[in-house]
Amino acid sequence: MKKIAILGGKGMLGSDLAKLAKSTDYEVLIFDLPEFNITRDADIRNAVSNADFIVNCAAYTAVDKAETEREACRSVNALAVESLAKSAKNKYLIHISTDFVFGDESENILSENDMPKPLSWYGSTKLEGEKLLQASDCRNAIVRLQWTYGTHGVNFISKLLEAANRNPKLKVVGDQTGSPTWTADAARAIMCLIKNQTEGLYHFADNGYASRYEVAKFILLEKKIDKEVSSCSSADFPTPAKRPKNSRFNCSKIDGVLDFKRPSWQESMSEFLRQI
Ligand SMILES: NC(=O)c1ccc[n+]([C@@H]2O[C@H](COP(=O)([O-])OP(=O)(O)OC[C@H]3O[C@@H](n4cnc5c(N)ncnc54)[C@H](OP(=O)(O)O)[C@@H]3O)[C@@H](O)[C@H]2O)c1
């Protein structure tokens, strides 16, 4: 039985990937803090040694804190990826990246050939991780995800539902556009890449685009929460890390590898909201 090592396997994406991989014909090995620290070379060597495939979901994901904890963030998102590439040289490695590598203000649909321009330290370190892996001789695929939500983590949905509980009225940014993406769908895409061992850079997201404000209205409607919600601009919600306004991905490259049709973000989110 082939073995998949999932680094960061207890996080939001890692948990859904582990669940899916276990339901197929793979043995799944999960590595995460505190026992496994991706910044320690010995931990990487140990995690990689037994596996046929490695999926790196481990990341420093505290986007705002990263602006001040710069070295901690870079050591996980960039330097550790270089070490991982060395240890996984003779294996197939899938590394997860993000739309935060972009800082596009236009309405372009972003493909893998578009020029990254990170606006935050987190985005810069994720881009550096991509580049270090691409410069290595490890067989790899990099999958950029965006606006992910799942059962095992804090995300836009959990934050919105919490805010709806606490506040009589809600304000949500209307000038950031992307595709909310269920980690269960991203997990399916990752399993397709493993099956084909396809190399290269890929964008993956659920189908269709919406602003954060439109997504918020959808969630409240689906959960039958009667709450006034208005649209505001990113400038009304200053955060230490700047967010990209345009996260519209072109996913046609990965569509050629997938054995399923990417569901619309509304379809997946409805299903997720029914389950929680
Ligand atoms: N969430 C999003 O909207 C989004 C969007 C685009 C791309 N991504 C990317 O998707 C991937 C998975 O992220 P996620 O959303 O599943 O986030 P997550 O829930 O924070 O998962 C990351 C996992 O990595 C672990 N980790 C952190 N530092 C580590 C270290 N030094 N050694 C080993 N493990 C460590 C975390 O442990 P702790 O929880 O204990 O810190 C957590 O279990 C990341 O590459 C992220 O950049 C996420």
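Since this is a predicted model, take the numbers as computed values, not measurements.

Caption draft 1: Summary view of the site of the ligand. Within the structure, the ligand sits among 24 residues, and D32, T61, Y122, K126 and T148 are positioned closest to it. A distance of 2.8 Å is found between an oxygen atom of the ligand and a backbone nitrogen or oxygen belonging to L13. Coverage of the ligand by the protein amounts to 78% of the 890 Å² it exposes when considered alone. When contributions to the shell around the ligand are tallied by element, the ones reaching two or more residues are helix 1 (12–22), strand 4 (92–98) and helix 4 (121–134). The biggest single contributor to the shell around the ligand is strand 4, with three residues. Looking at the shell around the ligand, its residues break down into 13 nonpolar, eight polar and three charged.

Caption draft 2: Summary view of the packing of helix 3 (residues 70–87) against helix 4. The contact between helix 3 and helix 4 brings their axes to 8 Å, and the two run at 10°. Classified by the interaxial angle, the pair formed by helix 3 and helix 4 is roughly parallel. In the crossing of helix 3 with helix 4, the sense of the turn from one axis to the other is right-handed. Here R70, C73, R74, N77, A78, L79, V81, E82 and A85 of helix 3 lie close against helix 4, whose contacting residues are W121, Y122, T125, K126, E128, G129, L132 and L133. Here the residues of the contact of helix 3 with helix 4 are counted per class, giving nine nonpolar, three polar and five charged.

The rules behind each value
- Residues numbered from 1 in each chain as written.
- Predicted model: local features only at pLDDT ≥ 70, side-chain atom pairs only at ≥ 80, totals over all residues.
- Heavy atoms only, no water.
- Near = heavy atom within 4 Å.
- Polar contact = N/O pair within 3.5 Å; in protein donor to acceptor, adjacent residues only side chain to side chain.
- Areas by Shrake-Rupley, 256 points an atom, 1.4 Å probe, with all protein chains shown as cover.
- Helix = DSSP H or I, 4+ residues; strand = E, 2+ residues; numbered from the N terminus.
- Nonpolar A, V, L, I, M, F, W, Y, C, P; charged D, E, K, R; others polar.
- Axes fitted to C-alpha atoms, helices over the stretch in contact; angles between N-to-C directions.
- Parallel < 35°, antiparallel > 145°, perpendicular 65-115°, else oblique.
- Left-handed = near helix turned anticlockwise from the far one by under 90°.
- Contact = heavy atoms within 4.5 Å.

Structural measurements only, silent on function.
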